[in-house]
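# Understanding the architecture of this molecule
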Amino acid sequence: MAEATTVTLSSPRATQERRVTRVLLITGALTFLALLLFLPLAMVFAEAFRNGWEGFTAAITEPDALAAVRLTLVVAAIAVPLNTLFGLAAAWTVAKFDFRGKSVLVTLIDLPFSVSPVISGLIYVLLFGSHSLLGQWLAENNIEIIFAVPGIVLATVFVTVPFVARELIPLMQEQGAEEEEAALSLGASGWQTFWRVTLPNIRWGLLYGVLLCNARAMGEFGAVSVVSGHIRGMTNTTPLHVEILYNEYNFVAAFAVACLLALLAFLTLGLKSLLEWRHGAELAASRRL
Amino acid sequence: MSATTATAGYDGPDPIRSAARGRGWKEPSILPGFRLTLAYTLLWLGLIVLIPLGGLFVSSAALGWEGFWHVVAEERALGALRLSFVTALVAAAINAVTGLLLAWVLTRYSFPGRRLVDALIDLPFALPTAVAGIALATLYAPNGWVGSLLDPLGIKVAYTPLGIIVALTFIGLPFVVRTVQPVLEELDRELEEAAATLGATRWQTITRVILPTVLPALLTGFALALARAVGEYGSVIFIAGNIPYVSEIAPLLIVIRLEEFDYEGATAVAVAMLLISFVLLFFINAVQAWNRRRIGNG
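What counts and how
- Residues numbered from 1 in each chain as written.
- Chains lettered and ligands numbered in written order.
- Predicted model: local features only at pLDDT ≥ 70, side-chain atom pairs only at ≥ 80, totals over all residues.
- Helix = DSSP H or I, 4+ residues; strand = E, 2+ residues; numbered from the N terminus.
- Buried ≥ 20, exposed ≤ 12 C-beta atoms within 10 Å, placed from the backbone.
- Contact = placed C-beta atoms within 7 Å.
- Core = buried A, V, L, I, M, F, W, Y, C linked by C-beta atoms within 7 Å.
- Domains from an automatic or database assignment.
- Axes fitted to C-alpha atoms, helices over the stretch in contact; angles between N-to-C directions.
- Left-handed = near helix turned anticlockwise from the far one by under 90°.
- Nonpolar A, V, L, I, M, F, W, Y, C, P; charged D, E, K, R; others polar.

Along the backbone of chain B there are 13 helices and 0 strands. Tracing chain B from N to C terminus, the helices and strands come up as α-α-α-α-α-α-α-α-α-α-α-α-α. Projecting the C-alpha coordinates of chain B onto the three principal axes gives extents of approximately 60 × 60 × 30 Å. Burial statistics for chain B: of 298 residues in total, 47% are counted as buried. Across chain B, the fraction of contacts at a sequence separation of at least 24, relative to all contacts at a separation of at least 6, is 78%.

Below, the structure is given as structure tokens:
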């Protein structure tokens, strides 16, 4: 590249920064990411393996840790399918039909994203807690919701409500309703149309939404913390177990369990990138949050 | 149009169909399942979101305006709310600047590992907040990898409001990058060439052509990061130090009030937070509406 001092169209200077500027900007961006992303990640693994492989395996095979992982899997196994079903129903209604009040409905679907996780837990404590009327009735009938697994599931469902719907709504709006209309006019039933036309069209977007929903369901901390009661081995999810271990200054164990959650995050990001790379065109128009 | 933000992806009703409206509240369609899916959507939203959230407001109404004000205007609650919003604002502002930088570097330059870095930007969405919290707290503690370098300089990050800002910046990192990136990708290079032919320097092109185009997305990303940061709990409590009046955030105060069985106190702080967050949400939507009008895709 010749050093062009005059600005001409053929000169890269016209539409590109100088090499020095580029290198500086890239270095700045990567330094920022190193301080905020890469070093903390490296930290998790370094601390987890501080006492070697044995220390790590001992921490994650300890009964309370196993119980926490099991509870996390159970909660996600309930919350994710429920919100997937909701996402499909909501997307069908919003994307395939035109009706008054649609934008209000869409805002309501997004609402849990703008509620602090702690408040998401608090509302269920207020509703089902022992001082409310409903809570007293539940206590008389020996039904436990708050400080028990149902409360954890409810709080998790609340914070993960929008994920699948948000991925599917724009995608299905883009696809329109022509294919479904064609299938119906050729004599297909409603369910046949859904299973054979709609679902194949949205499968990758659906998977994408489910993936993000699952990551949040398994990693949720604030909302679950408020409703859990923190009973070791009983109502302790994996993120809560990390907190307990950390607060007991059992750092190696805390980071070992955190390591499992970090691996889950990597798996989620890996699959997400794979979906974007292989099936980008079948996801909603562009990346979204 | 690129749909990157909270509600921007949902197009309004078709104008031609809207003009024909008036017979009812719903456009006729041969597709089945409208009533079923709408009923299910409303039922689920009602049971999971609206009734419990409504309950919160009913509880706070039981407090009365004076009771509510008494709790919220109390020094500790006021301090926590102020801390939450100020640190969230600072973190979102840092996110706006660094997010723009990251989006620019990722879309315009090539360097080794660019795709990996691009994928890792979403990590704060995927990594459980408690993990981020303990990792950042350990890293920035006075004996941590970074903290021990800052300590001799007299800079304390962990267990101070500065630590809160670090955690919130981590949490808000992807928002601005992911709202600005698609706009930069779609930006017509010919515009920049045209500016250059007309004699603009590179800096003028960036500030007068590129920045105004990116600004609405940047504002949206800023507002989303802000909204997220205000309510954040998991990543903050480990690094914050949680000293009342100094480094105690509003969500933590709610948790503390709950543990003291002070449900009124918890409710009032929660309602105050929610009201401010809803104002933010309204602001996000207003920015998006303005954005859509501006680019003529309303």
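Don't stop here, the text continues.
In this section: the nonpolar core. Ranked by internal contacts, the top residues of the largest apolar core, which has 174 residues, are A:Leu122, A:Val257, A:Ala258, B:Val131, B:Ile239 and B:Val269. Residue contributions to this core peak at 15 residues, all from helix α4 (residues 63-96) of chain A. In terms of domain composition, this core takes at least three residues from each of domain 1 (31-63) and domain 2 (74-294) of chain B. Ignoring any residue separated from it by four or fewer positions in sequence, one finds B:Ile239 in contact with B:Gly133, B:Leu136, B:Ala137, B:Tyr140, B:Ala158, B:Gly163, B:Ile164, B:Val166 and B:Ala167.

Residue and element names in this part refer to chain B. Running from N to C, helix α3 (residues 75-108) and helix α10 (residues 202-231) cross one another at 145°; their axes reach a closest spacing of 8 Å. Seen along the crossing, α3 lies across α10 with a hand that is right-handed. Side by side, α3 and α10 meet where Ser-84, Phe-85, Ala-88, Leu-89, Ala-91, Ala-92, Asn-95, Ala-96, Gly-99 and Leu-100 of the first sit next to Leu-218, Gly-221, Phe-222, Ala-225, Leu-226, Ala-229 and Val-230 of the second.

All names here are of chain B. When cut into domains, chain B gives domain 1 (31-63) and domain 2 (74-294). Inter-centroid distance (C-alpha atoms) of domain 1 to domain 2 is 30 Å. Opposite the 5 residues of domain 1 that make contact, domain 2 presents 5 residues. For the side of domain 1 that touches domain 2, the class distribution of residues is 3 nonpolar, 2 polar and no charged.

Moving on, we get to the environment of B:Val72. Residue and element names in this part refer to chain B. The topology assignment puts Val-72 in helix α2 (residues 34-72). Using a count of 19 C-beta atoms within 10 Å as the deciding quantity, one classes Val-72 as partly exposed. As a C-alpha pair, Val-72 and Arg-257 span 185 residues in sequence and 12 Å in three-dimensional space. Excluding its chain neighbours within four sequence positions, the residues that come into contact with Val-72 are Ala-77, Leu-78, Ala-268, Val-269 and Ala-272.

Turning our eyes to something else, we now look at the interface of chain B and chain A. Contacts between the two partners involve 90 residues from chain B and, on the opposite side, 86 residues from chain A. Element by element, the count of residues in the side of chain B that touches chain A is highest for α2(B), at 14 residues. Its residues assigned to classes, the side of chain B that touches chain A comprises 60 nonpolar, 19 polar and 11 charged.

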